[in-house]
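Architecture at a glance
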Amino acid sequence: MADAGVAEVKRLIDGLRRDRRQHPYRGRGEYSDRAREVAGAIADMIESGGAADAVPLARRAVERVTAAMLQLDDSSGIIGGDLRVLTVLYARACRTAPPDQKQLAAWLVKVRLDGPGWPDIELADFADALGPTGLDEVARLVAERRAAGDPDSWADVGIKLLREQLAALSGDVDAHVAVLAENLHSARQYGEIVTVLRGAGRDADAERWARRGLAEDPASHWTDGLREQLVGLLLASGRGQEAVSVHRAEFERRTLRQDYARLRDTAERAGQWAGLREWALEYLRNRARVKEFYVRELISVLIREDSLDEAWATAVAAPGQVPQEQWLELIGLREPDHPADVIGPLRDLIEMGIERTSDKYRYPKAIKALRRLRDDYQRAGDMEGFAMYLDELRHRQRRKTSFVAKLEAAFAMTPD
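Attention in this report is confined to the structure presented alongside it.

The rules behind each value
Each chain carries its own residue numbering, running from 1 in the written order of its sequence. Local features in this predicted model are restricted to residues whose pLDDT is 70 or higher, and side-chain atom pairs enter the listing and the counts only when it is 80 or higher, whereas totals over whole chains, interfaces and linings include all residues. Note that the side-chain values use all heavy atoms of the structure and ignore hydrogens as well as water. Only DSSP runs of H or I with at least four residues qualify as helices, and only runs of E with at least two residues qualify as strands; both kinds are numbered from the N terminus onward. For every residue, the accessible area (1.4 Å probe, protein chains only) is compared with the maximum for its type, and the residue is labelled buried under 20%, exposed over 50%, or partly exposed between those bounds. Side-chain atoms alone can form a polar contact between residues adjacent in sequence; in general such a contact is a pair of N or O atoms within 3.5 Å, and within protein one must be able to donate a hydrogen while the other accepts it. Planes of paired rings set the category: under 30 degrees apart is stacked, over 60 is edge-to-face and the rest tilted, where pairs are Phe, Tyr or Trp rings (Trp by its six-membered ring) whose centres lie within 6.5 Å. Two conditions define a charge located above a ring, namely a distance within 6 Å from the ring centre to NZ of Lys or CZ of Arg, and an angle within 35 degrees of the ring normal. Should a side-chain nitrogen of Lys or Arg be within 4 Å of a carboxyl oxygen of Asp or Glu, the pair is scored as a salt bridge. Lines fitted to C-alpha atoms define the axes here, with helix axes fitted over just the stretch in contact, and angles between the N-to-C directions of these axes take values from 0 to 180 degrees. With respect to orientation, any angle under 35 degrees is reported as roughly parallel, any angle over 145 as roughly antiparallel, any angle of 65 to 115 as roughly perpendicular, and every other angle as oblique. Throughout, a crossing is termed right-handed when the near helix is turned clockwise from the far one, and left-handed when it is turned anticlockwise from it by less than a right angle. Residue contacts are defined here by distance: any two heavy atoms, one from each residue, within 4.5 Å place the two residues in contact.

Moving on to the side chain of Glu305. Checked against the element boundaries, Glu305 lands in the loop between α15 (294–304) and α16 (308–317). We classify Glu305 as buried; its relative accessible area is 11%. Of the polar contacts made by the side chain of Glu305, one reaches the side chain of Tyr260; its length is 2.7 Å. At 2.8 Å, the side chain of Glu305 forms a polar contact with the side chain of Arg277.

Let us look at the packing of aromatic side chains. The full count for this structure, using the stated rule, is 13 aromatic pairs. When the centroid spacing of 5.5 Å and the interplanar angle of 85° are considered together, the rings of Tyr260 and Trp273 count as edge-to-face. Here Trp273 lies in helix α14 (residues 273–290) and Tyr260 lies in helix α13 (residues 257–269), a separation of 13 residues in the sequence. Side by side, Tyr260 and Trp273 carry an identical accessibility label, which is buried. Judged by centre distance (5.7 Å) and plane angle (65°), the ring pair of Phe386 and Phe411 falls under edge-to-face. With Phe386 in helix α20 (residues 383–396) and Phe411 in helix α21 (residues 401–411), this pair connects stretches of sequence that are 25 residues apart. The pair formed by Phe386 and Phe411 is uniform in burial state, with each residue classed as buried. Joined through ring pairs, the aromatic side chains of Phe251, Tyr260, Trp273, Trp279 and Tyr283 make up one cluster. One cation-aromatic arrangement involves Arg248 over Trp279; the distance from NZ or CZ to the ring centre is 3.9 Å. Its guanidinium or amino end placed over the ring of Tyr294, Arg287 lies 5.2 Å from that ring's centre, counting from NZ or CZ.

The next subject is the environment of Met45. Relative to the helices and strands, Met45 is located in helix α2 (residues 28–47). Spatially, the C-alpha atoms of Met45 and Gly5 are 8.5 Å apart, while their sequence positions differ by 40 residues.

This paragraph deals with the pattern of salt bridges. On inspection of all chains with the given rule, the structure shows 52 salt bridges. As a salt-bridge pair, Asp391 and Arg394 come within 3.8 Å of each other at their nearest N and O atoms. With Asp391 and Arg394 both in helix α20 and three residues apart, this pair spans about one turn of that helix. A relative accessible area of 41% means that Asp391 is categorised as partly exposed. Arg394 is the salt-bridge partner of Glu408, the closest N and O atoms lying 3.4 Å from each other. Taken together, the positions of Glu408 in helix α21 and Arg394 in helix α20 put the pair 14 residues apart, joining distant regions of the chain.

Orientation of helix α17 (residues 324–334) relative to helix α18 (residues 339–354), taken along the N-to-C sense of each, is 155°, at an axis distance of 9 Å. As far as their axial angle goes, α18 and α17 are roughly antiparallel. As α17 runs across α18, the sense of the crossing is left-handed. Along its contact with α17, which presents Gln324, Trp327, Leu328, Ile331 and Arg334, the element α18 presents Pro339, Asp341, Val342, Pro345, Leu346 and Leu349.

Looking at the element boundaries, Arg262 is found in helix α13. Spatially, the C-alpha atom of Arg262 lies 9.1 Å from that of Val244, the residues being 18 residues apart in sequence. Apart from the residues lying within four places of it in its own chain, the contact partners of Arg262 are Asp224, Glu228, His247 and Arg254.

As for its position among the elements, Ala204 is in helix α10 (residues 203–216). On the basis of relative accessibility, which here comes to 47%, the residue Ala204 falls in the partly exposed class. Spatially, the C-alpha atom of Ala204 lies 36 Å from that of Leu113, the residues being 91 residues apart in sequence.

Now the structure itself:
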């Protein structure tokens, strides 16, 4: 590439400096735009045969954005996404025009272990550029840092990640599993091992690890995913009854709508749902009779099963257990054919909304909902009832003068 082109990209990269005196919430959009402009220019360099020039420039851009993120609020993740793009571009340039492999290895290790936690380095992106020499150097440096490191430090997390990535790149499945199996404490880690073993065609080993993980961590945030992995293994090996039993046991234990959905999906795949459907529904009905919390779970399942009349009757029987979002869903389903039925619940929602002082848009929302209520009264043949309700509502809410003014304007009411 011509020197003028390189100079222009350098100029663009200089624009990625961030003044630490600038407020962290200001200029984020503009900064992202500049980062994307730099990424576009570097991509053009690589595609036009200038990868050798792009290598140091892409690295400089990555370093600039990494430093700038210390001064920026990136709660939206937009700048982090831009940094990931630049990091991938750097890897692409390195593949096309490999730099010194040991120096690249040292940079990658330093960024991962001594950086602020970003960019997210993936050795697989750089594997071709590193080659055996570079990967060996990464392994050496990581072993050196591990021997001298603090097992509770942030760098130790990076060391483990790099060791996992090195093991994955080696193709040695047992070595990869051995690294993943260090300090096991969550279903997520067991799930990673299952994924590696299944990818290697070692389903029997994967199943053993999945069962072990469920026994060790039976009820964490990650356990559902691990259970799904076990069920997938069982279905793949033709053991549909066992797969159904796994989800049936969890449905009996927890009885949430997602447990019902997983049981249904697995039983359908195993050809057993016809014999289980009514049992599962009755089990959930019984739970709802004993503990009101399960009313909302039952209603959600009944809606999915297209048992809409029962879903509505269940909600009407225990209105206090039905959250607003679920009421709105039920009203939307009931409204077309039974407008009179929804009038009471819709009125309750409107009046609860009016009292929700944390919502500054509560009055406009109430007026919109009241127009919907008017349509329901009209289709139910009771416009006189709607007029009476508006009068009662205005009287009850007379101290809320702003709302009353909106109400009178929206429905052409005559002030008292």
